[in-house]
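# Reading the structure
Chain by chain, the residues:
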Amino acid sequence: MSRAVVTGGAGFLGSALCDALIVRDMHVTCIDNLSSGRMSNVAHLLNRQNFTFVKHDVVEPFPEIEADLVFNLACPASPVFYQSDPIKTAKTAAFGTLNGLEFAKRSAAQFFQASTSEIYGDPEVHPQPETYQGNVSTTGPRACYDEGKRFGESLCFDFHRMSGLEIKVVRIFNTYGPRMQVADGRVVSNFIVQALRGDPITIYGDGSQTRSFCYVSDLIDAFLAVSETPKGETGPFNIGNPEEITVLELATHILDTIGEPEKLVFVDAAKDDPQRRKPDISKVTATTGWQPQVGLRAGLDATIEYFRTAIMLSERPTPIARPSWTVA
């Protein structure tokens, strides 16, 4: 039985990855300090013999456990969370990645780095290929996350060059789906929660900025496909859905789906907010054959139903296993 370690494993994406690895009959050790992850996301796995939860902050050296694969997802990805303590965010992205790489090297394990499209900043190239080096502010409120992730990628490739460590680096574009938190602060969850509560949807700027949204099950399938590529395929690989939509179009669709009248409030644009975001996924498709399968309408329908339940349960979502959030 292969052994996988998932840092940030109790988070939105981490817990979905734990589910998928368990389905593949791997032994999974979930590491999380629960600063933004939640035990409810992995509660359904706790009684399984091939699942272990370890409460630990990756800023500190890793505990001595066995691993064949290390998936590094330990960093808050929502602006609400990563801007609440930017110094901690930067430390997690830097020291957490360094500790994970050193642990993977000791274990002779593959190291999988969950990086982000935020390393492109407010891009001047559209769509964004992996060769684009970005347009990123080092001094703005998003820099703790953007620059932390850029530094994490640098560490990965230095370990690969210096020690031959097997690495896989992916850059995640906007992802959504069940297990997002009600107060997550990202655009999809914000809009859905506001609409379900009958509140006006808050749009930063004029809503003309674009995003490309990938459903969570598609993203996890891409993770697994990349992790199984030959050793020399290090990446980075863009992972996302290239279906581009404006923020205003997203808000209108959510209101129409929920059946609420159009209620929109426009406020000042957020500082350093990217104006266009669309991945060029030709590299990962050519390498693995992966392409997203879940369209935005189907994914939003499943996500809206999840948040209906989450809000009814006093904003404490119940665990949802993979069969419940996979969209055909």
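Report on the accompanying structure. (Residues numbered from 1 in each chain as written. Predicted model: local features only at pLDDT ≥ 70, side-chain atom pairs only at ≥ 80, totals over all residues. Heavy atoms only, no water.)

### A short note on the overall build of the protein
Helix and strand content of the protein: 10 helices and 13 strands. Rg of the C-alpha trace for the protein: 19 Å, near the compact-globule value of 20 Å for 328 residues, within the 12% margin. Taken over the C-alpha atoms alone, the protein extends approximately 55 × 45 × 40 Å along its principal axes. Here the protein, with 328 residues, has 54% of them falling under the buried criterion. For the protein, the proportion of contacts with a sequence separation of at least 24, taken over those separated by at least 6, is 80%. Total accessible area computed for the protein in this model is approximately 13,600 Å², and 50% of it derives from carbon and sulfur atoms. Positive and negative charge centroids in the protein, built from 30 and 39 side chains respectively, lie 4 Å apart. (Helix = DSSP H or I, 4+ residues; strand = E, 2+ residues; numbered from the N terminus. Rg over C-alpha atoms; globule rule 2.2 N^0.38 Å. Buried < 20%, exposed > 50% of the residue type's maximum accessible area, 1.4 Å probe, protein only. Contact = heavy atoms within 4.5 Å. Areas by Shrake-Rupley, 256 points an atom, 1.4 Å probe, with all protein chains shown as cover. Lys, Arg positive; Asp, Glu negative; His and termini not counted. Charge placed at Lys NZ, Arg CZ, Asp CG, Glu CD.)

### What to know about the pattern of salt bridges
Applying the stated criterion across every chain, the model contains 18 salt bridges. Across the salt bridge formed by Arg106 and Glu64, the nearest N and O atoms sit 3.4 Å from each other. Here Arg106, found in helix 3 (residues 86-107), pairs with Glu64, found in the loop between strand 3 (51-55) and strand 4 (69-72); they are 42 residues apart in sequence, far enough to count as distant. Here Arg142 makes a salt bridge to Asp273, at a shortest N to O gap of 4.0 Å. Of this pair, Arg142 sits in the loop between strand 5 (110-116) and helix 4 (143-163) while Asp273 sits in the loop between strand 13 (264-267) and helix 8 (282-288); the two residues are 131 residues apart in sequence, bridging distant segments of the chain. Both residues of the pair, Arg142 and Asp273, belong to the buried class. Salt bridges sharing partners connect three or more residues here, namely Glu118, Arg142, Arg211, Asp273 and Arg277. (Salt bridge = Lys/Arg side-chain N within 4 Å of Asp/Glu carboxyl O.)

### Concerning helix 3
For helix 3, which comprises 22 residues, the first-to-last C-alpha distance of 31 Å matches the rise-based estimate of 32 Å (1.5 Å per residue) to within 8%. By the largest-angle criterion, Thr92 marks the main kink of helix 3, which is about 25°. Of the positions making up helix 3, those classed as buried are Thr89, Thr92, Ala93, Ala94, Gly96, Thr97, Asn99, Gly100, Leu101, Phe103 and Ala104. Those residues of helix 3 that are buried lie in contact with strand 1 (3-7), strand 4, helix 2 (79-82), strand 5 and helix 4. Positioned one or two residues after helix 3, Ala108 has a phi angle of 55°, which is positive. (Expected span 1.5 Å × (residues − 1). Bend = angle between axes of the 7 residues up to and from the residue.)

### Observations regarding the sheet that holds strand 2 (residues 27-32)
What the 7 strands build is an open sheet, ordered 3-2-1-4-5-6-11; its pairing is parallel. Among the strands making up the open sheet, the edge pair consists of strand 3 and strand 11 (237-239). If you compare each strand with its neighbour and ignore which way they point, the axes differ by 20° on average. Here helix 4 sits on the sheet in contact with strand 5 and strand 6 (167-172), set at roughly 155° to strand 5. Strands strand 4, strand 5, strand 6 and strand 11 of the sheet are contacted by helix 6 (residues 216-227), whose axis makes an angle of about 155° with strand 6. (Pairing = 2+ DSSP bridges. Axes fitted to C-alpha atoms, helices over the stretch in contact; angles between N-to-C directions.)

### Regarding the side chain of Thr7
Its location among the elements puts Thr7 in strand 1. Given the relative accessible area of 0%, Thr7 is considered buried. Among the polar contacts made by the side chain of Thr7, one reaches the side chain of Asn72 at a distance of 2.8 Å. In contact with Thr7, not counting residues within four places along its chain, are Ile31, Val58, Phe62, Phe71, Asn72, Leu73 and Ala74. (Polar contact = N/O pair within 3.5 Å; in protein donor to acceptor, adjacent residues only side chain to side chain.)

### Considerations on empty space enclosed by the protein
Throughout the structure, instances matching the rule amount to 1 cavity of 30 Å³ or more. For the largest cavity, the calculated volume is near 40 Å³. Around the largest cavity sit Asn72, Ala74, Cys75, Thr92, Ala93, Thr97, Gln113, Gly148 and Lys149, which together line it. Counting residues per element, the ones that place at least two in the lining of the largest cavity are helix 3 and helix 4. The residue makeup of the lining of the largest cavity, split by class, is 3 nonpolar, 5 polar and 1 charged. (1 Å grid on protein atoms, 1.4 Å probe; cavity = no way out; pocket = protein on both sides within 12 Å on 5 of 7 lines; lining within 4 Å. Points joined across faces, edges and corners; volume = space filled by probe spheres on them. Nonpolar A, V, L, I, M, F, W, Y, C, P; charged D, E, K, R; others polar.)

### Here we look at the nonpolar core
Generally speaking, nonpolar side chains in soluble globular proteins are found buried as a group. Ranked by size, the top nonpolar core spans 63 residues in total, and within it Leu17, Leu21, Phe71, Phe223 and Ile239 carry the most contacts. Top element by residues in this core is helix 1 (residues 12-23). It accounts for 8 residues. Ignoring anything within four residues of it in the chain, the contact list for Leu21 reads Ala4, Val6, Met26, Val28, Phe71 and Leu224. (Core = buried A, V, L, I, M, F, W, Y, C linked by side-chain atoms within 4.5 Å.)

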